[in-house]
Amino acid sequence: MNIVVCVKYVPDAQADRSFTADNTTDRASVDGLLSELDEYAVEEALVIADANDGEVTVLTMGPEDAATAIKKSLQMGAHKGVHILDDAIAGSDSVATSLILSSAIRKIGDVDLVLTGLGSTDGGMSVVPAMLAERLGLPQVTFASEVTVADGSVTIRRDGDAAAETIRASLPAVVSVTDQINEPRYPSFKGIMAAKKKPVDTWSLADIEVEASQVGLDAAWSTVVNVEQRPPRSQGTIVTDEGNGGAELADYLAAGKFI
Amino acid sequence: MSEVLVLVDHVDGAVRKTTSEMLTAAARLGEPAAVFVGAGLDAARETLAAYGATKIYVVDSSDVTDYLVAPTAEVLASLCEKVSPAAVLLPSTTTGKEIAGRLAIKTSAGVVTDAIDIEPVDGGIQSKQSVFAGNYTVTAKIVKGAPIITVKPNSIAPLESAATPTEETVEVSVSDAAKASSIVSTEPKAASGRPSLTEAAIVVSGGRGTGGDFGPVEGFADALGAAVGASRAAVDAGWYPHSSQVGQTGVSVSPQLYVAAGISGAIQHRAGMQTSKAIVAINKDEEAPIFEMVDFGVVGDLFTVLPAATAKINES
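Since the model is a prediction, treat every value here as computed from it, not as a measurement.

K.L.:
Please provide a residue-by-residue account of the overall build of chain A, values included.
P.N.:
Counting secondary structure elements, chain A contains six helices and 14 strands. Taken along its principal axes, the extent of the C-alpha atoms in chain A is 65 × 45 × 40 Å. Among the 259 residues that make up chain A, the fraction classed as buried is 54%. For chain A, the share of sequence-separated contacts (at least 6 apart) that also reach a separation of at least 24 residues comes to 70%. Of the accessible surface of chain A, which amounts to about 11,400 Å², a share of 47% is contributed by carbon and sulfur atoms. Distance between charge centres in chain A, computed from 20 positive and 39 negative side chains, equals 3 Å.

K.L.:
Tell me about the pattern of salt bridges, and please be specific about residues and values.
P.N.:
Throughout the structure, instances matching the rule amount to 27 salt bridges over all chains. Salt-bridge contacts for Arg185(A) lead to Glu43(A); the nearest nitrogen and oxygen are separated by 2.8 Å. You can see Arg185(A) sitting in the loop between strand 11 (173-177) and helix 5 (189-195) and its partner Glu43(A) sitting in helix 1 (residues 36-52), a full 142 residues away along the chain. For Glu43(A), a relative accessible area of 7% gives the class buried. In this structure, the salt-bridge partner of Arg16(B) is Glu199(B), at a minimum N-O distance of 3.4 Å. Of this pair, Arg16(B) sits in the loop between strand 3 (14-15) and helix 1 (17-29) while Glu199(B) sits in the loop between strand 12 (181-188) and strand 13 (202-206), and the two are 183 residues apart along the sequence. Comparing Arg16(B) with Glu199(B) shows no difference in burial state: the two are buried. Counted as one network, the salt bridges with shared partners bring together Glu36(A), Asp179(A), Arg232(B) and Asp236(B).

K.L.:
Got a sec to walk through the interface of chain B and chain A? Specific residues and values, please.
P.N.:
Facing 83 residues of chain B, the contacting portion of chain A comprises 78 residues. In total, chain B and chain A occlude about 6,800 Å² of area from one another, counting both sides; carbon and sulfur atoms represent 57% of this. Sorting the residues of chain B by area buried against chain A places Phe132(B), Tyr136(B) and Phe296(B) first, and these three jointly supply 11% of that buried surface. Summed over the shared surface of chain B and chain A, the number is eight salt bridges.

K.L.:
Quick one: what's the story with the side chain of Arg16(B), residue by residue and with numbers?
P.N.:
Its relative accessible area of 19% is what places Arg16(B) among the buried residues. In terms of polar contacts, Arg16(B) uses its side chain to reach the side chain of Ser196(B), at 3.5 Å.

K.L.:
Quick rundown of the sheet that holds strand 4 (residues 31-37) of chain B? Include the residues and the values.
P.N.:
In space, the ten strands of this open sheet follow the order 13(A)-9(B)-8(B)-7(B)-10(B)-6(B)-1(B)-4(B)-5(B)-11(B), with mixed pairing throughout. Each edge of the open sheet carries a strand with a single partner, namely strand 13 (222-229) of chain A together with strand 11 (166-169) of chain B. Each adjacent strand pair in this sheet contributes to an overall mean axis angle of 30 degrees, direction not counted. Across the sheet, helix 4 (residues 69-83) of chain B lies against strand 1 (3-7), strand 4, strand 5 (55-59), strand 6 (87-91) and strand 11 of chain B, angled at about 170 degrees from strand 1 of chain B, the strand it touches most.

K.L.:
Tell me about the pairing of strand 13 of chain B, and please be specific about residues and values.
P.N.:
All names here are of chain B. The element strand 13 is largely enclosed, with a buried count of five among its five residues. Burial of strand 13 is two-sided: the residues Ile 202, Val 204 and Gly 206 facing one way and the residues Val 203 and Ser 205 facing the other way are all buried. When strand 13 meets strand 15 (residues 257-261), the two strands line up parallel, connected through five bridges. Residue pairing for strand 15: Ser 205 is matched across the bridge by Ala 260. The pairing of strand 13 with strand 14 (residues 227-230) spans four bridges and is parallel. Following the sheet pairing, Gly 206 is matched in strand 14 by Ala 230. Remark: the strand 13/helix 6 (residues 215-224)/strand 14 crossover connection has right-handed handedness.

Calculation criteria
Residues numbered from 1 in each chain as written. Chains lettered and ligands numbered in written order. Predicted model: local features only at pLDDT ≥ 70, side-chain atom pairs only at ≥ 80, totals over all residues. Heavy atoms only, no water. Helix = DSSP H or I, 4+ residues; strand = E, 2+ residues; numbered from the N terminus. Buried < 20%, exposed > 50% of the residue type's maximum accessible area, 1.4 Å probe, protein only. Contact = heavy atoms within 4.5 Å. Areas by Shrake-Rupley, 256 points an atom, 1.4 Å probe, with all protein chains shown as cover. Lys, Arg positive; Asp, Glu negative; His and termini not counted. Charge placed at Lys NZ, Arg CZ, Asp CG, Glu CD. Salt bridge = Lys/Arg side-chain N within 4 Å of Asp/Glu carboxyl O. Buried area = accessible area lost by both parts, 1.4 Å probe. Polar contact = N/O pair within 3.5 Å; in protein donor to acceptor, adjacent residues only side chain to side chain. Pairing = 2+ DSSP bridges. Axes fitted to C-alpha atoms, helices over the stretch in contact; angles between N-to-C directions. Right-handed = clockwise from strand over helix to strand, strands pointing away.

Interpretation note: all reported values are geometric properties and have no functional meaning in isolation.
In structure tokens:
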């Protein structure tokens, strides 16, 4: 079974993220890393591969530093990596991202399962899995909190606010997983050493037959016209409970007409 | 004036508040046209008319409802081709975003998710989104195709604007490819009787400080008619279901009032509640970062403060 996990190299969500002059995410001033939410997809791919004699390919796109995201995934146990590296990619929107990733998945070929996280921790739109599925002509099952692969199909459980659903799709399929699905492993020393010998292919846009004019900031179908920092919230009244805290809270709510 | 398609968010005809918010936004851009997929239109008709739908497209076919998002995307794509709408609005739910993603590729149109505001501008439509844990507001313009925008619940104030909608049944022929994923079974959650997290005007959340006992949080929430949320720490500990998780990897809420009880306020949590209008926190640790952003804070034990506040509210 061939599994491709799409991973993203993102600015650390714990740091003060901002924008550059062209209104794209500032990826230089904040340390980057493998998106935390993608670790769950890598872990799930490894579990499925173990049970199904599978091979896990980690796919990313982005600047040279994005290789860090592949490296971490290989250290966790993925078998090989593919990095789409091309200057023209900078500023790509979700539509272009799905074009690049789907073209790369076609070139990797013979893929049974495409796994992703539930969203990136930077853009956070969560639309790329559906777009990938649409471009590849595949079914998608998303926000899985449990995944079972058997007999040519994938079955997932999804917890919504009104109901829990069991959803099945035929393979090949695109599956996104939540952070509830597993506990991603830490790379072991052995894993870190082994990762150094694992193959990573670096492909340009030409290698995956995507025109530079189809991607990047200028080709975006949606464009950011303004970014504005939200004024920091100022601290209001803080009281210390000395037996009267509950009453003071109720008074505040009454004054604000919340009750 | 062009139509603006609004995918109705409903459960068996019970229209969710997001729908009236989307219809209100749609009226700013053109003629609001509701797209109703599934059964239960009789229950929904009145609300759709009250919030200004001038047309209702009715899609009631098991081919669509049994197979998740791909068939709905096909239906919307065919409607787009037929009526060339000014825009397509969908709810910012998991399903809504997935339909939006597929639709964008099908119709070659740009997509924006989690819009908190939408307005017409010269030569197009602009939307606003809150990003990077709510620290930035981004204004985006879609420059290709009929804009596809998912609207974040509780962001746009719904305005009543009565209309008399005409109805049109949409004949669908769903491709086999779109039927490749299907719902095997659905287990409805036991109804809590509380409002839904994303639609509630008040949300009360509990975190690590509850130690697993959400009793005081729920009691306080019920006194306020509020929804109950939880921090990631509380969900990871198994104290509350993931569907109630407020934060970056859960639901993002913008109620009128957000109450954080026993929650320190890590960025993971702030990302999901920072855009709330008013914020209140109760925490034993006066150094908890949540206090930096509150309108009102109580340094104290939630197990004494919340029951006392609840009692006083219930008395009045």
